[in-house]
Amino acid sequence: MNKELRRVSTVVLLMFVALFASSSFIQVITADELNADGRNVRTLYDSYSAERGPILVDGVAIAESTPVDDQYKYQRSYTQAELYANITGYFTLNQSNPGIEGAMNDYLSGTADAQFLDNLTSIVTGQDPKGAAVELTIDPVVQQAAYDALGDQRGSVVAIRPDTGEIIAMVSKPSYDPNLLAVHDYDTFAAAYDSLISDAASPLVNRAIAGDLYHPGSVFKLIMASAAIDSGDFTPDSTFPNPATLTLPGTSSVISNSSGGACGAGDEASIATALRLSCNIPMAELGEALGADTIDDYASRFGFGDDIEIPLKVTPSVYPLEYIGDDVARLMLSSFGQSDDRVTPLQIAMVSAAIANGGVLMQPNLVESITAPDLTELKSFQPEVYNTPISADTATKLTQMMVAGVSDGAASNARINGVDVAGKTGTAENGSADPYTLWFTGFAPADNPEVAVAVVVENGGGLGQSGFGNSVAAPIAKKVLEAVLNK
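Since the model is a prediction, treat every value here as computed from it, not as a measurement.

**Overview of the state of the cysteines**
- This structure, assessed with the given rule, holds 1 disulfide.
- Shown here is the disulfide that connects C263 with C279, its sulfur atoms set 2.1 Å apart. Disulfide C263-C279: torsion about the S-S bond near 85°, hence right-handed. Within this pair, whereas C263 is found in the loop between β9 (254–256) and β10 (268–270), its partner C279 is found in the loop between α11 (271–277) and α12 (280–290), the two being separated by 16 residues in sequence.
- Residue classification places C263 among the buried residues on the basis of a relative accessible area of 1%.

**Quick word on the pairing of strand β6 (residues 167–173)**
- Counting buried positions along β6 gives 7 out of 7 residues, so the element sits mostly inside the fold.
- What sits between the antiparallel neighbours strand β5 (residues 155–160) and β6 is a turn of 6 residues, in which G165 has the positive phi angle 85°.

**What about the environment of V406?**
- Looking at the element boundaries, V406 is found in helix α17 (residues 392–408).
- Residue classification places V406 among the buried positions, given a relative accessible area of 3%.
- Beyond its immediate sequence surroundings of up to four residues, V406 is in contact with A411, S412, A414, R415, V421, A422 and G423.

**Topic: the nonpolar core**
- If you look at the biggest cluster of nonpolar residues, it comprises 134 residues, and the most contacted ones within it are I100, L136, M170 and I310.
- Examining the composition of this core, we find that 9 residues originate from one element, helix α16 (residues 345–356), more than from any other.
- Beyond its immediate sequence surroundings of up to four residues, I100 is in contact with I55, I87, T88, N105, L108, V134, L136, P311, L312 and V367.

**Focus: the environment of P449**
- Topologically, P449 is positioned in the loop between β16 (437–444) and β17 (451–457).
- Between the C-alpha atom of P449 and that of N357, which follows or precedes it by 92 residues, the distance is 7.5 Å.
- Each residue touching P449, except ones within four places of it in the same chain, is listed here: P162, A356, F443 and A444.

**A closer look at the sheet that holds strand β15 (residues 422–428)**
- With antiparallel pairing, 5 strands are arranged side by side in an open sheet as β6-β5-β17-β16-β15. Only two strands of the sheet have a single neighbouring strand rather than two, namely β6 and β15. Neighbour-to-neighbour, the strand axes of this sheet turn through a mean angle of 5°, independent of strand direction.
- Relative to β16, β15 is paired through 7 bridges, and the arrangement is antiparallel. Bridged to G426 within β16 is W439.
- Sitting on the sheet, α16 touches β5, β6, β16 and β17, and the angle it makes with β16 is about 30°.

**Notes on the sheet that holds strand β2 (residues 60–67)**
- Pairing in this open sheet of 6 strands is mixed, and the strands run β3-β2-β1-β4-β12-β13 from one edge to the other. Because the sheet does not close on itself, it has two edges, and the strands there are β3 (74–78) and β13 (377–380). Geometrically, the sheet is characterised by an average inter-axis angle of 25° between neighbouring strands, direction not taken into account.
- As defined by bridge partners, strand β1 (residues 55–57) adjoins strand β4 (residues 133–136) across 3 bridges and the pair is classed as parallel. Within β4, the position partnered with L56 by the bridge is E135.

**Let's talk about unusual backbone geometry**
- Residues I310 and P311 are joined by a peptide bond in cis, for which omega reads 10°.
- Counting through the fold element by element, P311 comes out in the loop between α13 (292–301) and α14 (321–324).
- With an omega of -20°, the peptide bond between A444 and P445 qualifies as cis.
- With a phi close to 50°, Q80 is a non-glycine residue in the positive phi region.
- The topology assignment puts Q80 in the loop between β3 and α4 (81–88).

Scoring rules and cut-offs
Residues numbered from 1 in each chain as written. Predicted model: local features only at pLDDT ≥ 70, side-chain atom pairs only at ≥ 80, totals over all residues. Heavy atoms only, no water. Disulfide = S-S within 2.5 Å. Helix = DSSP H or I, 4+ residues; strand = E, 2+ residues; numbered from the N terminus. Buried < 20%, exposed > 50% of the residue type's maximum accessible area, 1.4 Å probe, protein only. Pairing = 2+ DSSP bridges. Contact = heavy atoms within 4.5 Å. Core = buried A, V, L, I, M, F, W, Y, C linked by side-chain atoms within 4.5 Å. Axes fitted to C-alpha atoms, helices over the stretch in contact; angles between N-to-C directions.

In structure tokens, the structure reads:
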């Protein structure tokens, strides 16, 4: 009898230990993860029971909550809604809220660990709980300039301070009105959401950091030139054969330069000339000389393949090393931003920002600070080095080459009187008959950079295959650069 009792007691004890361990793990280890899970309905209702904190730009609320007479107590509203939609996202009955609303939900809803004592005090004093305010790094003047400059085009603009990583503009078009989704009636929400989802222009996609991504075209040549020079095996003056056309090895495919002729005068073209005039053939030859592994290494140094958070999650950009394998033709195509190269505008802005910052890439960031309702600072974000992809000497040489591209090359429409602008255009092919994707990336002033920018325009800017990065994307970037420099 005692033996059986001991067995039962042992089983009960083990069950108690297992229960204690699992409950402790849930309450201590995974508490934050469970609170942030969009499927947690309790968290959703708790979020509505408290006054949600505002999202601020330069101290002004672009998203805030106001009292309403229904079961949810507060209604979320957005000012300048379409200007900031891709950043704020929306807060609604849908349990997977995008943008800052989702990424910073624990602070905005007042459920973050750092706000526990404040919430406890509110309960004791009988005050209504409130969420924290999230201040963004966005500069409202630069954001508006980028939004206006992009006009009716589909695409994106990203502007970063090279020395801090602060994102001061992030525009995605077409945009949408998040107020249509921040409603308390599910049927109304569903109708608005379904309409946006079915829109062929995909307004809910934040093109700056997500979506199907883009072929980078010639802006990828910045990585090529960086890899070549930083490796020590080449200099800006290293030359390659300069034919007007080139048949890719093992294929019948013929590539050419955008000019349709050779890359400048002479039987050979230098890396500096190829970057200045945005020539494909010398870059393809450089790619064959460097090899896919070296190109992939340098692309990775700039952030390709990384799961970056700003704190919004960024879709990783892709250099297709595994796809290329031993295929020299694919390698050469990838060397001027074609093949299966895929990027976000943020990634391309990061490349320019690293060059502008002497080879040091800073962690890109959208959030400046988080402040409790009593104005106590809960968290502030300090500049943080992400990586150092290239040396300072390589960055200096790249800057000189990019300045030449604007002053006397393929990026001439980014010129600003009295200012040296460093830049690179791109015109990416998407298919034999499809419109091009148009790019510009660069920074200014070249000798003391205040801002790095990337612009992408879809659908050939409405010009099909007649549009080019210099004619469409560079003027947009120029207006954004001027907005910063004129402040």
